[in-house]
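# Descriptive analysis of the structure
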Amino acid sequence: MSASTDGKPIAAALRRAHSAADVEYAAGHKNMLQLIELRWIAVIGQVTTIAAAILVFGVQLPLVQMLEVLACLIAFNVASHLRWHEHRPVNNNELFLALLVDVASLTIQLYLSGGTTNPFAFLYLLQVILSAVLLEAWSTWTIVGITLACLAGLSIFAQPLPLPFDHARGIASLYVQGMLICFVLNAALLVVFISRISTTLRVKAAQLADLRQRAAEEEHIVRMGLLASGAAHELGTPLATVSVILGDWKRMPEFKRSPELLEELNEMQTQLKRCKSIVTSILLSAGETRGESAVRTTIRSFLDELVDEWQDSRPVRDFAYDNHIEDDLPVAFDSALKQMIDNVLDNALEASPDWVSLEAGVDDGTLTLTVRDRGPGFAPSMLAQFGKPYQSSKGRPGGGLGLFLAVSVARTLGGFVAATNRPEGGAEVRLTLPLSAIALDKKPDHVQH
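The structure reproduced in this document is the subject of the present report. Because the structure is predicted, anything quoted here is derived from the model rather than measured.

Conventions used here
Residues numbered from 1 in each chain as written. Predicted model: local features only at pLDDT ≥ 70, side-chain atom pairs only at ≥ 80, totals over all residues. Heavy atoms only, no water. Salt bridge = Lys/Arg side-chain N within 4 Å of Asp/Glu carboxyl O. Helix = DSSP H or I, 4+ residues; strand = E, 2+ residues; numbered from the N terminus. Buried < 20%, exposed > 50% of the residue type's maximum accessible area, 1.4 Å probe, protein only. Expected span 1.5 Å × (residues − 1). Arc of directions from axis to C-beta. Contact = heavy atoms within 4.5 Å. Polar contact = N/O pair within 3.5 Å; in protein donor to acceptor, adjacent residues only side chain to side chain. Core = buried A, V, L, I, M, F, W, Y, C linked by side-chain atoms within 4.5 Å. Patch = residues over 30% accessible without salt bridge, like charges linked within 9 Å, V, L, I, M, F, W, Y side chains within 5 Å. Areas by Shrake-Rupley, 256 points an atom, 1.4 Å probe, with all protein chains shown as cover. Lys, Arg positive; Asp, Glu negative; His and termini not counted. Charge placed at Lys NZ, Arg CZ, Asp CG, Glu CD.

## Some thoughts on the pattern of salt bridges
For the structure on display, the rule yields 12 salt bridges. Taking the shortest distance from any N to any O, the salt bridge between arginine 314 and aspartate 346 comes out at 3.0 Å. Of this pair, arginine 314 sits in the loop between α9 (299-313) and β2 (319-323) while aspartate 346 is found in helix α10 (residues 335-351), placing the two residues 32 residues apart along the sequence. Accessibility assignment for this pair places arginine 314 and aspartate 346 in one class, buried. When the shortest N-O distance is used, the salt bridge between arginine 422 and glutamate 424 registers 2.6 Å. Three or more residues joined by partner-sharing salt bridges are found here, namely Glu359, Arg372, Glu428 and Arg430.

Right under this line is the structure:
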């Protein structure tokens, strides 16, 4: 096995690790935006509360100092918005720092407005609950310890609010009213933001599950590739031997005198060449080219040659090929792409030996290949599991791998494969690929004929 083949599992593992990290960072970015929005709500709430306490209830507060704290909080939130409005990765430490700033701001405001005698001291619970949802365990417990220390410090050093101790008045008590307002704020903010954060976490979990599924499928493909490459090595010698024997037979007088035997020998040699071509494609995909150079061609030529080769080597009775591509763009010939299209056509041929069609077109930088047949179509269970390995109605070992490989190759190239049943009967498989995945620069020396 060549070095390029040995490195593929490692490269695939690195891609999966980066993808998982991207999912984590994307979820952290959304959570950071939620904290920024919550901080703006806190700013508005503090301004409203300070104004109501001074103007409505006549409570004496150090207005200048409290406004200075608010100005610092606004400046920090503006800076946070400028840093995080673009899609940047956010890790646990950065979320932890953001929550610490919120805890510090709340602590200073409470210190200036009565400490633990201020009913809004219960807003610490909001910070603790948010940290439990957003942060790792060590960060959450650190927030718990810090808020507990802040409450203890406020109870020792902060000056109480000059409010009458009139809890017996019930709802008429100013402290009870403040506590009820604090409860409503806590409850409303928690319901809104925890719901949003939970949605983000569910999306992250679904994306990670999809990545795990793709990792399992890629591992399956790697195992099949190793087996196929090994089998191709082993088949090289016997195929060469058979080719020599067939050449000798054609020169023998017994075969020369029999046109029927010569025709069969020619057919055997044709099929042998096809076997050699398949072996070459396998080794080319594995990075062992047997001396052939990679082919650079144009999209129309690539599809036309693929169709001619497929039609000549398959017993198809009626094959409809419509190529609607107007701009003949230069592309890099990809054996995996060729095998993917062949697999889809082979599946259509098995389902519908009398008629198969292939339609090609390009729209807005996207290559679309549509394969149709007049067979029985896909069963609902197969459509639900389309592209999964071993999902087949053929009932033989290894069935279903063709479409599985087609889906995997298309996804690797940034495209997708969709399957439907036609209303008039039969199935339709649509392959969609971005041309950027296979296109070359439009330079004359890039195209070899």
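## Re helix α5 (residues 137-157)
An ideal rise of 1.5 Å per residue puts 30 Å on 21 residues; α5 measures up with 30 Å between its terminal C-alpha atoms. Three or more residues of α5 are buried, namely Ser139, Thr140, Ile143, Thr147, Cys150 and Leu154. In an axial view of α5, the angular spread of the buried residues amounts to 100°, which keeps them on one side of the axis. Among the exposed residues of α5, those oriented more than 90 degrees off its buried face are Ala137, Trp141, Leu148 and Ile156. Buried residues in α5 make contact with α3 (92-112) and α4 (124-134).

## Notes on the side chain of glutamate 428
With respect to the element layout, glutamate 428 can be found in strand β7 (residues 427-434). A polar side-chain atom of glutamate 428 sits 3.2 Å from a polar atom in the side chain of arginine 430.

## As for the nonpolar core
Of all hydrophobic cores here, the largest spans 41 residues; its most connected members are Ile299, Met340, Ile341 and Leu345. Contributing elements (two or more residues each) for this core: α9, α10, β4 (356-363), β5 (366-373), α12 (401-412), β6 (416-421) and β7. In terms of residue count, α10 provides more of this core than any other element does, 7 residues in total. Among all residues touching isoleucine 299, those that are not within four sequence positions of it are Ile325, Asp327, Asp328, Leu329, Val331, Leu367 and Ile438. If you look at the next biggest cluster of nonpolar residues, it comprises 19 residues, including Met32, Leu38, Phe96 and Leu189.

## Looking at helix α2 (residues 63-84)
Between the first and last C-alpha of α2 there are 31 Å, a value that for 22 residues agrees with the 32 Å anticipated at 1.5 Å per step. The complete set of buried residues in α2 reads Met66, Val69, Leu70, Leu73, Asn77, Ser80 and Trp84. Viewed end-on, α2 has its buried residues packed into an arc of 100°, placing them on one side of the element. Residues of α2 that are exposed and point more than 90 degrees away from the buried face comprise Val64, Cys72 and Leu82.

## Looking at a negative patch on the surface
On the surface, Glu260, Glu263, Glu264 and Glu267 cluster together into a patch of negative charge. Along the chain, glutamate 264 falls in helix α8 (residues 259-285).

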